[in-house]
Amino acid sequence: VAASALKQGKMLDTPVGQLIVSSCVVDDILALILLSMFQVLVEENPPIIAYFIPFISSLGFLLVLGGSAVTWLPKFIQNKILNKVPEQHRELTMFSIMTAMLLAYLPLLNYTKSSYLTGAFLAGATFSQIESAHHAFIKKTHQLMTWLLRVFFAASIGFQVPVKLFSDPYVIGWGFILYACVLAKFPLMFYVPQFEDVKEGASYNPFLRDRLITGLAMTCRGEFSFIIAAFALGQGLITAKIYAAIVWAVLLSCITSPFILLSLIKYFNKQQLEYLKMTNPLKQKTGSDGMTPLYLHIKSTAPASWGQQEVFRKILNDMNLEVIDRRTNRHGRTLSAEVQTDLYVKDKTMNIKFQKIAGQRRIKNALKAAMDLTMNELDEFSSAIDELQKLVDDDSTSFFMQFDSNGDGVVSIGELKEGLEKKLSLKLTQRQARKVMDLFDESQDGYLQEDEMVSLAQFRYRLQALTDGMKSNAPLDVSTKSSEKPSLVRRVSTVDLSHMSLVSLEKEAQTALEEVAKEQDQVISRGTAIEESMEKALGDASKVVVDVWNPWPWTELFEKIASHYELETVEHFVAVFASIDIDGGGTVDQDEIFEALLQAGVDISEEGVATLFNMIDEDGSGEIDE
């Protein structure tokens, strides 16, 4: 019940969500032990040791069989049995082994005064560590289990609900009194560790949120209460009216607690969005400096270890990074599985310049003019160079000097064009040859001197950098970071600019590109520092990648509209302008944009449309013209 509410509130894969799920598993194990101990209460004059046998038996089997279920036994089944069975028979083999374990575990734990339900739990836990078993279970039994749970509830609990007794005031009164006992689990909230610190200027406390959600989630649980109450009624320990009152209290808990929990999650999610909106650059007042905080997505992959979340908290605090959201997932089923943590943070030490659509277009056009090589041309160059490298075993910097046909010690554009055409078996235009010349002509005199020569590998690298950049989808994604890890691939850096020619650009365009590149250098430096700090703290087996994150997914919205209208890029919005311009007035207002988004299947509020509209409306006129 709690897991369903957490999933609807999008909190199941957060640290507090995983904490609640783990707590529920422990709660079920304790309930199984209590159930076995209650059986002693109905015996006449049992010896003192009888009260301890169920506890010792349950705990012993949990340690021995449970420890085996998560350590050596799954490996034995996988390596010694399943790997020797043909693939088409493995699922049947796993089912047979599980059935055999159930037939052994159930009577074993029942006769040793533990609960047979504990035996079923331990048998299933063994196969939870086998990846193929998990996939087979999800694929073949997901829908079946949904109906089996309903049948189980109806047969074991549903038919035992004393509906007729619910009209008795005594039952209803004691039901509400016992319902108050459910709150006894609420103080568990005080055991929740602090995953996030209080945000300055925020209207909510993340620590209080995690505590309240955990306390409420634990009150959603009542499955074993039915079983224990039915056992007590069958043994004559309680009367039918008290049993009815317990059932009434449990039903109230199972109905009201999830509703309150989901409402609480929605409230805090709304508070979080309100806090995030405060930094939305499109919500800033006129006359602001046009800067916005730097938001980053930190993706960490590391072996599971104790205290990992506390390590994240310490590093984030030390580096002045404020957590906006975090998600945690495991890769693999074993104890040695890797944990992937996605941290979405705001950098409190750095602001970046916010670019509206028009500004992004100007920068992109400037980059296109600086490169002026199409994707087809770049692909042809790369393919031709690959073939050339297979044939030529010469990586010296003097390789291109063979193009010096007149022997004057320099390579002119004509000689470069002629040499490349012969070596690469390509037909180049004068413009294309000029662009290749500009890549390496540092003196900008129109000739390649000997000190400007590059090796074949260096030549290929520069062309590949341009190719990778042009394949990027984002308006400013024109290159990759010049390091071993391809993180922070958002904007062109000064290293990338050094591979381009800016001589043909206007001074304003050159300045804009240089400012963007300088800012990106700072972002890369900041991201590298975060990566190194986290990898050092998490160990050598960890991998951390930092990327720029946009909390306001304008690009995703544009892509959805472009996909709906079967467009290749966002720039083709002009092609569907007439379709969006419903009234044919030559301009588009917010209502028409809203209608276009709805037709494209985009789930967005009117406030979201206003924000998106402001992103495009460069002059602030309230309308967008063609």
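For the structure given in this document, a descriptive report is provided here.

**What to know about the overall build of the protein**
In step 1: Looking only at helices and strands, one finds 23 helices and eight strands in the protein.
In step 2: Within the span of the protein, comprising 626 residues, buried residues form 43% of the whole.
In step 3: Contacts in the protein between residues far apart in sequence, at least 24 positions, make up 69% of those at least 6 positions apart.
In step 4: Total accessible area on the protein is roughly 33,800 Å²; 59% of this is exposed by carbon and sulfur atoms.

**Some points on unusual backbone geometry**
In step 1: Non-glycine residue K10 carries a positive phi angle of around 60 degrees.
In step 2: Tracing the backbone through its elements, the reader meets K10 in the loop between α1 (2-8) and α2 (15-41).

**What to know about the sheet that holds strand β1 (residues 291-303)**
In step 1: Strands sit in the order β2-β3-β1-β6 across an open sheet of four strands; the sheet is antiparallel. Each of the sheet's edge strands pairs with one partner strand only, and the pair in question is β2 (321-331) and β6 (543-548). With strand direction ignored, the average angle separating the axes of adjacent strands in the sheet is 20 degrees.
In step 2: Relative to strand β3 (residues 338-353), β2 runs antiparallel, the two sharing ten bridges. Considered in β3, the bridge of L321 is made with D347.
In step 3: The sheet contacts of helix α12 (residues 308-318) involve β1, β2 and β3, and relative to β3 the element is tilted by about 10 degrees.

**A look at helix α4 (residues 72-81)**
In step 1: Three or more residues of α4 are buried, namely L73, P74 and I77. For α4, the buried positions fall inside an angular range of 105 degrees around the axis, keeping them on one side. The outward face of α4, more than 90 degrees from its buried face, is lined by the exposed residues K75 and K80.
In step 2: Tucked inside the fold, the buried residues of α4 contact α3 (48-69), α5 (90-111) and α6 (116-127).

Criteria and thresholds
- Residues numbered from 1 in each chain as written.
- Predicted model: local features only at pLDDT ≥ 70, side-chain atom pairs only at ≥ 80, totals over all residues.
- Heavy atoms only, no water.
- Helix = DSSP H or I, 4+ residues; strand = E, 2+ residues; numbered from the N terminus.
- Buried < 20%, exposed > 50% of the residue type's maximum accessible area, 1.4 Å probe, protein only.
- Contact = heavy atoms within 4.5 Å.
- Areas by Shrake-Rupley, 256 points an atom, 1.4 Å probe, with all protein chains shown as cover.
- Pairing = 2+ DSSP bridges.
- Axes fitted to C-alpha atoms, helices over the stretch in contact; angles between N-to-C directions.
- Arc of directions from axis to C-beta.

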